[in-house]
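Structure at a glance
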Amino acid sequence: DVKVTQSSRYLVKRTGEKVFLECVQDMDHENMFWYRQDPGLGLRLIYFSYDVKMKEKGDIPEGYSVSREKKERFSLILESASTNQTSMYLCASTADWTEAFFGQGTRLTVV
Amino acid sequence: RKEVEQDPGPFNVPEGATVAFNCTYSNSASQSFFWYRQDCRKEPKLLMSVYSSGNEDGRFTAQLNRASQYISLLIRDSKLSDSATYLCVVNFYSKLVFGAGTILRVKS
């Protein structure tokens, strides 16, 4: 059974903290993605990666960075968390042009 | 202009109704297309891929019109369990772009 696992379901962090969101997939997929989902705005792409150590900016990369040191792991980093980064964060992986599989999501609250 | 646009709805329909959603995309070089379903507080899951020739899966029919750059999803004989948000997804050189979703509510 295919699996994408995000490290936390719920997180509460303080403004200014550095936050790490981890995502691991067991399908040997090349492509991995980080989205945030907000009411009325749908899923917005933050960053994606199509290979180890490769990363591409999505539509809203400001305030975020990513790391992909191993094929199965894609990390999202909030360098200095702010309240406007309170959101649901979803990780996904896919082989080229095929079905994307999502993790269960991390609901991050920045206070 | 957004890369992928959908009518947000909500579409409120009675059980047994037929309902159709459309989605437009801006990049003519987009390569593959999908409909995903997302239930409340859950992650999105693939409903069906969309092919130029059109494809059907039970009560669901998806169509792609490359010339006009739109994708459609038709649901026949709606069930209460079809209530969800339906997301149109476009794949452009491994970049997956989602529409904001269309909310469907099926009522008895």
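I will try to describe carefully the structure that is included in this document. (Residues numbered from 1 in each chain as written. Chains lettered and ligands numbered in written order. Predicted model: local features only at pLDDT ≥ 70, side-chain atom pairs only at ≥ 80, totals over all residues. Heavy atoms only, no water.)

In this structure the tally under the stated criterion is 12 salt bridges over all chains. A salt bridge links Lys71 of chain A to Asp28 of chain A, with the nearest nitrogen and oxygen atoms 3.1 Å apart. Note that Lys71 of chain A is positioned in the loop between strand 7 (64-70) and strand 8 (73-78) and Asp28 of chain A in the loop between strand 3 (19-25) and strand 4 (31-38), a separation of 43 residues in sequence. What makes Lys71 of chain A partly exposed here is its relative accessible area of 27%. Where Lys95 of chain B meets Asp59 of chain A, a salt bridge forms, and the shortest distance between an N and an O atom there is 3.7 Å. Taken as a pair, Lys95 of chain B in strand 10 (residues 95-98) and Asp59 of chain A in the loop between strand 6 (56-57) and strand 7 lie in two separate chains rather than in one. Taken together, the salt bridges that share partners define one network made up of Arg36, Asp38 and Arg44 of chain A. (Salt bridge = Lys/Arg side-chain N within 4 Å of Asp/Glu carboxyl O. Helix = DSSP H or I, 4+ residues; strand = E, 2+ residues; numbered from the N terminus. Buried < 20%, exposed > 50% of the residue type's maximum accessible area, 1.4 Å probe, protein only.)

Residue and element names in this part refer to chain A. Read from one edge to the other, the open sheet built from 4 strands follows the order 1-3-8-7, with strand pairing classed as antiparallel. Both edges of this open sheet fall to strand 1 (4-6) and strand 7, since each of them pairs with a single strand only. Across the sheet, the mean angle separating the axes of adjacent strands is 20° when strand polarity is ignored. Of the strand pairs in this sheet, strand 7 and strand 8 are connected by 5 bridges, and their pairing is antiparallel. Bridging across to strand 8, Lys70 finds its partner in Arg73. (Pairing = 2+ DSSP bridges. Axes fitted to C-alpha atoms, helices over the stretch in contact; angles between N-to-C directions.)

Turning our attention to empty space enclosed by the protein. All names here are of chain B. All chains considered together, the criterion is met by 1 cavity of 30 Å³ or more. The volume enclosed by the largest cavity comes to roughly 50 Å³. Lining the largest cavity are Glu3, Val4, Tyr25, Ser26, Asn27, Ser30, Val90, Phe92 and Val97. A per-class count over the lining of the largest cavity returns 5 nonpolar, 3 polar and 1 charged. (1 Å grid on protein atoms, 1.4 Å probe; cavity = no way out; pocket = protein on both sides within 12 Å on 5 of 7 lines; lining within 4 Å. Points joined across faces, edges and corners; volume = space filled by probe spheres on them. Nonpolar A, V, L, I, M, F, W, Y, C, P; charged D, E, K, R; others polar.)

Once that is clear, we can look at the packing of aromatic side chains. Summed over all chains, the structure comprises 12 aromatic pairs over all chains. Where Tyr35 of chain A meets Phe98 of chain B, the ring centres are 5.1 Å apart and the plane angle is 80°; that geometry is what we call edge-to-face. Residue Tyr35 of chain A is found in strand 4, and its partner Phe98 of chain B is found in strand 10; the two belong to separate chains. For the pair formed by Tyr35 of chain A and Phe98 of chain B, the shared burial category is buried. Here the aromatic cluster, defined as three or more aromatic residues joined through ring pairs, consists of Phe33, Tyr35, Phe48 and Phe102 of chain A together with Phe34, Tyr36 and Phe98 of chain B. (Phe/Tyr/Trp six-rings, centres within 6.5 Å; stacked < 30°, edge-to-face > 60°.)

Residue Pro10 of chain B is bonded to the preceding Gly9 of chain B through a cis peptide linkage, with omega at 5°. Topologically, Pro10 of chain B is positioned in the loop between strand 1 (4-6) and strand 2 (11-14). One non-glycine residue with positive phi stands out, namely Asp28 of chain A, at about 60°. When its relative accessible area of 53% is taken as the criterion, Asp28 of chain A is described as exposed.

For the rest of this paragraph, the subject is the sheet that holds strand 3 (residues 19-25) of chain B. All names here are of chain B. Taken together, 5 strands build an open sheet; the order of strands is 1-3-8-7-6 and the sheet is antiparallel. In the strand order of this sheet, the two ends are held by strand 1 and strand 6 (55-57), each with one partner. Direction aside, neighbouring strands of the sheet carry axes that sit 20° apart on average. In terms of strand pairing, strand 3 meets strand 8 (residues 70-75) through 6 bridges, oriented antiparallel. Paired with Ala20 across the two strands is Leu74, which belongs to strand 8.

Geometric descriptors of this kind do not, in isolation, establish any biological role.
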